[in-house]
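The primary structure of each chain is shown beneath.
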Amino acid sequence: MSKIKNIIIFASGSGSNAENLILKFSANKVKVNWLVLTNNPKAGIIKRCKALNIKCEVFEKQVFYNSSLVEQKILKINPDMIILAGFLLKIPVNFIEMSFPIINIHPSLLPKYGGKGMYGNYVHAAVIENKELFSGITIHKVNRNYDEGEIIFQKKIRLEKNESIDSLAKKINSLEMKYFPDVVARLIN
């Protein structure tokens, strides 16, 4: 019998990647004790978690950076993995120095178009503006610097001549939905 996995997801936005992970693991009958944490009291992930009956808590930014979130939540759960899924705050060093694996998904082929302020449509706009032939997703370990951790997985797609931010965003989202749960499942087992 397999052990129940403890997974924490940090999300700041709509929560589509988090919801997809939860649904895929549930469909594959993987037993997971989920905790979703968000810094955004208006994040769409809150509504998605309610619909899925998954525990979701909102925290304030200062709690994130002053270690009390680590002490109150993370150490008690002893997660097998921490996943960043559309989470926009920089991870504090005390999180990174813990023994828990922390991974992130990014909507570009890192090392290009990573770093502070490079998320969502900002990434897609930069890719199109620079006339890149390819874009894609990167799943990587989290380290002290934005989007510079060891790359675990990348998948690329070719851009069309008339690519728009919206069309590229849809393609990238499709890659995220397809590959992120598989990579997480492989890492957690």
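It should be noted that the structure appears before, not after, this text.
The rules behind each value
Residues numbered from 1 in each chain as written. Predicted model: local features only at pLDDT ≥ 70, side-chain atom pairs only at ≥ 80, totals over all residues. Heavy atoms only, no water. Axes fitted to C-alpha atoms, helices over the stretch in contact; angles between N-to-C directions. Helix = DSSP H or I, 4+ residues; strand = E, 2+ residues; numbered from the N terminus. Parallel < 35°, antiparallel > 145°, perpendicular 65-115°, else oblique. Left-handed = near helix turned anticlockwise from the far one by under 90°. Contact = heavy atoms within 4.5 Å. Nonpolar A, V, L, I, M, F, W, Y, C, P; charged D, E, K, R; others polar. Pairing = 2+ DSSP bridges. Buried < 20%, exposed > 50% of the residue type's maximum accessible area, 1.4 Å probe, protein only. Arc of directions from axis to C-beta. Core = buried A, V, L, I, M, F, W, Y, C linked by side-chain atoms within 4.5 Å.

Explain the packing of helix 1 (residues 16-27) against helix 2 (residues 44-52) to me, and be specific about the residues and the numbers.
Each pair of packed helices can be described by the angle between their axes along with the distance between the axes. Closest axis-to-axis distance for the helix 1/helix 2 pair is 9 Å, and the angle between their directions is 20°. Considering their axes alone, helix 1 and helix 2 lie roughly parallel with respect to each other. Between helix 1 and helix 2 lies a crossing whose hand is right-handed. Contact with helix 1, carried on its side by Ser16, Ala18, Glu19, Ile22 and Leu23, involves Ile45, Arg48 and Leu52 of helix 2 and no other residues of that element. Residue composition of the contact of helix 1 with helix 2, by class: five nonpolar, one polar and two charged.

So what's going on with the sheet that holds strand 3 (residues 56-58)? Which residues, and what values?
Reading across the sheet, the seven strands line up as 3-2-1-4-5-6-7 and stay open at both edges, with mixed pairing between neighbours. Unpaired on one side and paired on the other, strand 3 and strand 7 (151-158) mark the two borders of the sheet. Taking the axes of each pair of neighbouring strands and ignoring which way they run, one obtains an average angle of 20° across the sheet. As defined by bridge partners, strand 1 (residues 5-10) adjoins strand 4 (residues 81-84) across four bridges and the pair is classed as parallel. By the bridge assignment, isoleucine 9 is partnered in strand 4 with isoleucine 83. Sitting on the sheet, helix 1 touches strand 1, strand 2 (32-38), strand 4 and strand 5 (102-106), and the angle it makes with strand 2 is about 175°.

I'd love a proper account of helix 6 (residues 120-129), names of residues and values included.
Within the sequence span of helix 6, burial applies to Val123, His124, Ala126 and Val127. Looking straight down helix 6, one finds that the buried residues subtend no more than 160° of arc, so they occupy a single side. Facing away from the buried side of helix 6, by more than 90 degrees, are the exposed residues Tyr122 and Glu129. Where the residues of helix 6 are buried, they touch strand 5, strand 6 (134-141) and helix 7 (165-188). Two residues or fewer past helix 6, lysine 131 is found with a positive phi of approximately 55°.

I'd like a description of the nonpolar core, backed by residues and values.
Among the nonpolar cores identified, the biggest contains 38 residues, and Ile9, Trp34, Ile83 and Phe180 are the most heavily contacted of them. Residue contributions to this core peak at eight residues, all from helix 7. Among the nonpolar cores identified, the runner-up in size contains 20 residues, and Phe10, Leu89, Met98 and Ile102 belong to it.

Quick rundown of the side chain of serine 108? Include the residues and the values.
Here serine 108 is to be found in the loop between strand 5 and helix 6. We classify serine 108 as buried; its relative accessible area is 0%. Ignoring any residue separated from it by four or fewer positions in sequence, one finds serine 108 in contact with Tyr113, Val123, Ser135, Gly136, Ile137 and Thr138.

Provide a residue-level description of the packing of helix 1 against helix 7, including the pertinent values.
One way to put it is that helix 1 packs onto helix 7 with a least axis distance of 9 Å and a crossing angle of 50°. Put simply, helix 1 runs oblique to helix 7. In terms of crossing hand, the pair formed by helix 1 and helix 7 is right-handed. When helix 1 is examined against helix 7, the residues Ser16, Asn17, Asn20, Leu21, Lys24 and Phe25 are found in contact with a partner set consisting of Asn173, Glu176, Met177, Phe180, Pro181, Val184, Ala185 and Ile188. Across the contact of helix 1 with helix 7, the residue classes tally to eight nonpolar, four polar and two charged.

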